[in-house]
Amino acid sequence: MRLDYLSIFPGYFDVLGISLLGKAAVNGLVDVYAHDLRDWTHDRHRTVDDTPCGGGAGMVMKPDPWGEAFDEIIGTEPDPSVHVVFPSPSGEPFTQSVAHDLSSVERIVFCCGRYEGIDHRVIDYARSMWTVHEVSLGDYVLNGGEVAALAITEAVVRLVPGFMGNPQSLAEESFSAGQDGLLEYPLFTRPVSWRGLDVPEVLMSGHHGRIAKWRRDESIRLTRERRPDLTDSDVSARH
Ligand SMILES: CC(C)N1CCN(Cc2ccc(Cn3ccc4ccc(-c5n[nH]c(N)c5C#N)cc43)cc2)CC1
């Protein structure tokens, strides 16, 4: 998998050389390339923004540098196998399902906007050339797309076959299909007693059936309390 990042702050992506992502890069599972959008400007100030047409607050990212960067980094021929991700506050929700879909893609280009956003023609042009995902991490406001691109990267790359040491741990996670969309149960490890707080006895019983039931009940309880949106009527009826 090749990952490209276009940003006026390419240094954000230095972190991808650390920890698991670093290992994936070393193992050749993932190739990471960060690019400074200003390298495709031609004025002395390396200008990437301008005032919004029609007025309004803030600045908008000019289309020209993006187009020239696309030409050099991706190419000038349409190729639907290239997936271009635009993090955006007005994007579709980024979900585990989208992460799963992207984990089997060979090439992803992340376009990280700043200011009030990117001239919409850039996204329209990208849609005419590649497979585009305009996605939002959630209903809160970031200053740009870089942090979102990092989060999306981690969610996607950890699903790439061969990346995680223990693929079984992926199967038991929240939001993965295998858990009926329920939140994960509480986790415990040694010591059994810690600052007057004990591990639930059932988990030390060695009775696998009771343990499985306790975990399921806890997942249902937590999901009903914290994420009623995840419990549809069918799921509620089943539990
Ligand atoms: C009326 C008019 C003046 N308002 C102007 C501000 N608009 C919202 C607005 C707010 C901040 C930014 C900053 N920004 C630039 C690129 C960019 C990419 C992603 C995100 C982002 N924020 N939150 C997420 N979950 C995101 C994701 N993924 C934020 C970004 C861009 C846009 C709302 C309308």
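The residue numbering used here restarts from 1 in each chain and proceeds along that chain's sequence as written. Reporting of local features is limited, given that this is a predicted model, to residues whose pLDDT is at least 70; pairs of side-chain atoms are given and counted only at 80 or more, and all residues count toward the totals for whole chains, interfaces and linings. Side-chain metrics in this entry use all non-hydrogen atoms of the structure; hydrogen atoms and water are not considered.

(A) Local environment of the layout of surface pockets. A cavity, in this analysis, means grid points on a 1 Å lattice covering only the protein atoms where a 1.4 Å probe fits yet has no way out; a pocket is instead an open set bounded by protein on both sides within 12 Å along at least five of seven lines, and a residue lines either one if it has an atom within 4 Å of a point. Grid points are joined across faces, edges and corners, and a volume is the space filled by probe spheres set on the points. The volume enclosed by the largest pocket comes to roughly 470 Å³. If you go around the largest pocket, you meet 25 residues; those closest to its centre are Pro87, Ser88, Pro89, Glu116 and Gly117. Here a strand is any run of E in DSSP of at least two residues, a helix any run of H or I of at least four, and the numbering for each starts at the N terminus. Mapped by element, the contributors of at least two residues to the lining of the largest pocket are strand 5 (82-93), helix 4 (120-129) and strand 7 (131-136). With five residues, strand 5 is the largest single contributor of residues to the lining of the largest pocket. Residue classes follow a fixed rule: Ala, Val, Leu, Ile, Met, Phe, Trp, Tyr, Cys and Pro count as nonpolar, while Asp, Glu, Lys and Arg count as charged, and any other residue, Gly among them, counts as polar. Residue classes in the lining of the largest pocket are distributed as 12 nonpolar, 10 polar and three charged.

(B) Quick look at the site of the ligand. Being near a molecule or strand, for a residue, comes down to having at least one heavy atom within 4 Å of it. Taken together, 18 residues surround the ligand, and among them Glu116, Ser136, Gly138, Tyr140 and Leu142 come closest. For the ligand, a nitrogen atom lies 3.5 Å from a polar atom in the backbone of Val135. When the ligand is considered free in solution it has 700 Å² of accessible area, and contact with the protein chains removes 69% of it. Elements that contribute at least two residues to the shell around the ligand include exactly strand 5 and strand 7. Considering every element that reaches the shell around the ligand, the biggest residue donor is strand 5, with three residues. Under this definition, polar contacts are N or O atom pairs within 3.5 Å; protein pairs additionally need one hydrogen-donor-capable and one acceptor-capable atom, and for neighbouring residues in sequence, both atoms have to be side-chain atoms. Using a 1.4 Å probe, the Shrake-Rupley method yields the accessible areas, and only the shown protein chains count as cover for residues.

(C) Seen up close, helix 4. Listed as buried for helix 4 are Val122, Ile123, Ala126 and Met129. Down the axis, helix 4 shows its buried residues gathered within 125° of arc, on one side only. Here, two residues are considered to be in contact whenever any of their heavy atoms come within 4.5 Å of each other. Residues of helix 4 that are buried sit in contact with helix 2 (63-73), strand 5 and strand 7. For every residue, the accessible area (1.4 Å probe, protein chains only) is compared with the maximum for its type, and the residue is labelled buried under 20%, exposed over 50%, or partly exposed between those bounds. Starting at the helix axis, one direction is taken to each C-beta atom, and the arc is that of these directions.

(D) Spotlight on the side chain of Ser88. Within the secondary structure layout, Ser88 lies in strand 5. Taking the relative accessible area as the measure of exposure, Ser88 reaches 15% and is therefore buried. Among all residues touching Ser88, those that are not within four sequence positions of it are Glu134, Val135 and Ser136.

(E) Quick peek at the UniProt feature "binding site: S-adenosyl-L-methionine" (unreviewed entry) in the chain. As annotated in UniProt, the feature "binding site: S-adenosyl-L-methionine" (unreviewed entry) corresponds to Gly113, Leu137, Gly138, Asp139, Tyr140, Val141 and Leu142 in the numbering used here. Lining the largest pocket, from the set of annotated residues above, are Gly113, Leu137, Gly138, Tyr140, Val141 and Leu142. Take Gly138: it is sitting in the loop between strand 7 and helix 5 (146-157). Residue classification places Gly138 among the partly exposed positions, given a relative accessible area of 21%. Here Leu142 is to be found in the loop between strand 7 and helix 5. UniProt positions are given in the numbering used here, feature names are shortened, and annotations may be inferred rather than shown by experiment.

(F) Structural context of the sheet that holds strand 6 (residues 107-111). At least two bridges found by DSSP between two strands are what make those strands a pair. Strand order in the open sheet formed by five strands is 2-1-6-5-7, with parallel pairing between adjacent strands. Strands with a single pairing partner mark the edges of an open sheet, and in this sheet they are strand 2 (31-36) and strand 7. In this sheet, adjacent strand axes meet at a mean angle of 25° when their direction is disregarded. Direction of pairing for strand 5 relative to strand 7: parallel, over a ladder of seven bridges. Opposite His83, over in strand 7, you have Thr131 as the bridge partner. Only the stretch in contact is used when a helix axis is fitted, and all axes are lines through C-alpha atoms; the angle between N-to-C directions ranges over 0 to 180 degrees.

(G) Inspection of the domain arrangement of the chain at higher detail. Domain delimitation follows an automatic or database domain assignment. Taken domain by domain, the chain comprises domain 1 (2-158) and domain 2 (167-230). Each of domain 1 and domain 2 has a C-alpha centre, and these two points are 36 Å apart.

(H) Representation of unusual backbone geometry. Cis rather than trans, the peptide bond between Arg190 and Pro191 has omega equal to 5°. We note that Tyr115 has phi near 55°; this positive angle belongs to a residue other than glycine. Its place among the elements puts Tyr115 in the loop between strand 6 and helix 4. Owing to a relative accessible area of 34%, Tyr115 belongs among the partly exposed residues under this scheme. At Arg195, a position not held by glycine, the phi torsion is positive, near 50°. Along the chain, the position of Arg195 falls in the loop between strand 8 (193-194) and strand 9 (197-198). The exposure class assigned to Arg195 is exposed, which follows from its relative accessible area of 74%.

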